[in-house]
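# Fold and contact review
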Amino acid sequence: MKAHVADWQTRVYCVRIEPANDAPVVRLAGYPVDLVMSNGEVYLTEQGYEFSGLGATSTFASSSVDLKGILQQGAIYRDDLQAGVYDNARVKLFATSWANPIEDEEELGECFFGKAETIDDQYTVQLMGKIDVLSQSAGDSYSPTCQNVYMDRLLGAAGKLPIHRSRCTGPRSAPDGPDYDTKKVTGTLTSVTDQYYFVDSSRAEAADYFATGSIRFLTGPNAGLKPIQVKAFATGGAILLQEALFYLSQVGDQYEMIPGCRKRFDEDCVAGNGNGKNFKGHPHVPAPSQSGQIGRGA
């Protein structure tokens, strides 16, 4: 049972969207005018927004909530939505009283900002409940390629995930394999062709070195946006991206980039990084088409 509920006579629903990065928090209230909470936070009127509703049960069934809105100034911008600024943002729903609004007075649920679709000047976002985490498949599976995240020391160093012995870099007490701090490079663009292809002529690494790696920009119009996977890297510093940058980069934009791994045992893990003992794959397990031939009659 809830410890406290909002006054049913003056009940109003509110939502708060907290991005995973440094983007501004979005606050909305289902009320004709803006609501000022007791802590001074202002929740904008939901005019132009529509919730599909929230259902709660005593089972572990997940709840799916749709948020429909207009791309209007002061709340969510089209550019931010399409650039992934709100990807995986936490969305908190609560009820309060419009006569005496209190933030998080009656907590109703917490969701994650999911798939977003934009049509003209409107958008629809799927808000997925936290219980959906339990419906994800868990456990290991057989695969000829490695299932570790390349250089996942970054995750442990940032305090996001612990480092385990089965991960790419090995245990923290005995760091084997590639290290993020030594592999990361910075540079400046010297020419730009389009949003997929650009060059840093100062790069001296071998061809394919940064393929499947990631790049993110420190300056320019794409600064602060999510990293993009590198599709191909050629001698002379030519970089081809897997998907287009949100904005066209300019000569002089600064970036940081890390190499990738094609997750092959001999070529990448052993020869490339000397990290074969942390390889989490099964390159020598025969495929079903091979193993099924054993024992067959003539």
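Here goes a summary of the coordinates provided.

### Some points on the overall build of the protein
On a plain count of helices and strands, the protein comes out with five helices and 16 strands. Across the 298 residues in the protein, those meeting the buried criterion constitute 34%. For the protein, restricting intrachain contacts to residue pairs at least 6 apart in sequence, the fraction spanning at least 24 positions comes to 59%. Of the roughly 17,400 Å² of accessible surface on the protein, 51% is carried by carbon and sulfur atoms.

### Quick word on the sheet that holds strand 13 (residues 214–217)
What the seven strands build is an open sheet, ordered 10-16-13-14-15-12-11; its pairing is antiparallel. In this open sheet, the two edge strands, each paired with only one partner strand, are strand 10 (185–188) and strand 11 (191–192).

### Details of the packing of aromatic side chains
Inspection of the entire model under this criterion finds eight aromatic pairs. Aromatic side chains Tyr-209 and Phe-210 sit 4.8 Å apart centroid to centroid with 90 degrees between the ring planes, which places their arrangement in the edge-to-face category. The exposure class assigned to Tyr-209 is partly exposed, which follows from its relative accessible area of 31%. Measuring from centroid to centroid gives 6.4 Å for Phe-217 and Tyr-255, while their planes differ by 65 degrees, and the two rings are edge-to-face. With Phe-217 in strand 13 and Tyr-255 in strand 16 (residues 254–258), this residue pair connects regions lying 38 residues apart in the sequence. You can call Phe-217 buried: its relative accessible area is 3%.

### Notes on the pattern of salt bridges
Applying the stated rule across the entire model yields 14 salt bridges. For Lys-184, the salt bridge is made with Glu-256, and the minimal N-O distance between the two is 3.7 Å. With Lys-184 in the loop between helix 3 (180–183) and strand 10 and Glu-256 in strand 16, this residue pair connects regions lying 72 residues apart in the sequence. On the basis of relative accessible area, Lys-184 is assigned to the partly exposed category, the value being 31%. Residue classification places Glu-256 among the buried residues on the basis of a relative accessible area of 11%. Note that Asp-208 and Arg-262 form a salt bridge whose closest N and O atoms lie 2.7 Å from each other. Placement of Asp-208 in the loop between strand 12 (197–199) and strand 13 and of Arg-262 in the loop between strand 16 and helix 4 (265–270) is noted, with a sequence separation of 54 residues between them. On the basis of relative accessible area, Arg-262 is assigned to the partly exposed category, the value being 36%. It is possible to trace a salt-bridge network through shared partners that takes in Arg-16, Glu-18, Arg-27, Glu-41, Lys-92, Glu-103 and Asp-104.

Conventions used here
- Chains are numbered independently. Their residues run from 1 in the order of the written sequence.
- In keeping with the model being predicted, local features are shown solely for residues with a pLDDT of at least 70 and side-chain atom pairs are shown and tallied solely at 80 or more, while totals for entire chains, interfaces and linings include all residues.
- Computation of side-chain values covers all heavy atoms of the structure but excludes hydrogens and water.
- Secondary structure elements follow DSSP: runs of H or I of four or more residues count as helices, runs of E of two or more count as strands, with numbering from the N terminus.
- Remark: exposure states derive from per-residue accessible area (1.4 Å probe, protein chains only) relative to the maximum for the residue type, with buried under 20%, exposed over 50%, and partly exposed in between.
- The criterion used for residue contact is that any of the two residues' heavy atoms lie within 4.5 Å.
- Working definition of accessibility: Shrake-Rupley area with a 1.4 Å probe, residue cover restricted to the visible protein chains.
- For two strands to pair, DSSP has to find at least two bridges joining them.
- Here a Phe, Tyr or Trp ring, Trp counted by its six-membered ring, pairs with any other such ring whose centre lies within 6.5 Å, and the pair is stacked when the planes are under 30 degrees apart, edge-to-face when over 60, and tilted otherwise.
- Each salt bridge in this description consists of a side-chain nitrogen of Lys or Arg and a carboxyl oxygen of Asp or Glu lying within 4 Å of one another.

So, to be careful, I would describe these as geometric facts and stop short of saying anything about function.
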